[in-house]
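The primary structure of each chain is shown beneath.
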Amino acid sequence: TLKITPRSTHNHGTIHFGGKVLGHSIPAKGKVVELQARGKGHGHWITFKTLRVGKGGALHAKYTFHASSSVSYQFRARARAESGYPFLTGVSRQVGVRVR
């Protein structure tokens, strides 16, 4: 799952990511999750942060916009398949953020 607050910000504003990797089989060493973004309507996802969630699966991160004009972005979290984690690669729903 993925939640972002606020959903609208300004240049030099910070957004906060929260969420959870679902499933009861998170490895003891944790699970690697990639946060990805793309401009609204653009095709390529870009990984901008990689983090490791703990055994409970809770995801917490933040991002500050530094050189963005008025534009909308889409974000998602991706958990790839890996040994010790019995699921295929999965992604969260897309969450939109508007930078003014």
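In this numbering scheme, every chain counts its residues from 1 along its sequence in written order. Only residues with pLDDT of 70 or above have their local features reported here, since the model is predicted, and side-chain atom pairs are shown and tallied only from 80 upward, although totals for entire chains, interfaces and linings are computed over all residues. Hydrogens and waters are ignored; side-chain quantities use all the structure's heavy atoms.

### Describing the side chain of Lys31
Alright, step 1. Here a helix means four or more residues in a row that DSSP labels H or I, a strand means two or more in a row labelled E, and each is numbered from the N terminus. By the secondary structure assignment, Lys31 is in strand 4 (residues 31–39).
Alright, step 2. Relative accessibility decides the category of a residue: with a 1.4 Å probe and only protein chains considered, values under 20% of the type maximum give buried, values over 50% give exposed, and everything between is partly exposed. For Lys31, a relative accessible area of 0% gives the class buried.
Alright, step 3. Within 3.5 Å is the distance limit for a polar contact, defined as a pair of N or O atoms, with the added protein rule that one can donate a hydrogen and the other accept it, and that residues adjacent in sequence qualify only through two side-chain atoms. Side chain to side chain, Lys31 and Glu82 meet in a polar contact 2.6 Å long.
Alright, step 4. Whether two residues touch is decided by their heavy atoms; if any such pair falls within 4.5 Å, the residues are in contact. Setting aside residues up to four positions removed in sequence, Lys31 forms contacts with Ile26, Leu51, Arg52, Val53, Ala79, Arg80, Glu82 and Tyr85.

### What about the pattern of salt bridges?
Alright, step 1. Note on definitions: salt bridges are taken to be side-chain nitrogens of Lys or Arg within 4 Å of carboxyl oxygens of Asp or Glu. If you walk through the whole model with that rule in mind, you get three salt bridges.
Alright, step 2. For Glu82, the salt bridge identified is with Lys31, shortest N-O distance 2.6 Å. Here Glu82, found in the loop between strand 7 (71–79) and strand 8 (90–91), pairs with Lys31, found in strand 4; they are 51 residues apart in sequence, far enough to count as distant.
Alright, step 3. On the basis of relative accessible area, Glu82 is assigned to the partly exposed category, the value being 24%.
Alright, step 4. Arg80 serves as the salt-bridge partner of Glu34, at 3.1 Å between the closest nitrogen and oxygen.

### Re the sheet that holds strand 6 (residues 58–64)
Alright, step 1. Two strands qualify as a pair provided DSSP detects at least 2 bridges between them. Spatial ordering of the open sheet is given by 1-3-6, a layout of three strands whose pairing is antiparallel. Unpaired on one side and paired on the other, strand 1 (2–5) and strand 6 mark the two borders of the sheet. Averaged over all neighbouring strand pairs, the angle between strand axes comes to 20°, with direction disregarded. Only C-alpha atoms enter the line fits that serve as axes; for helices the fit covers just the stretch in contact. Angles between N-to-C directions range over 0 to 180 degrees.

### Digging into the environment of Arg7
Alright, step 1. Along the polypeptide, Arg7 turns up in the loop between strand 1 and strand 2 (8–9).
Alright, step 2. Taking the C-alpha atoms as reference points, Arg7 and Val95, 88 residues apart in sequence, are found 8.3 Å from one another.
Alright, step 3. Beyond its immediate chain neighbours, meaning those up to four positions away, Arg7 contacts Val95, Gly96, Val97 and Arg98.

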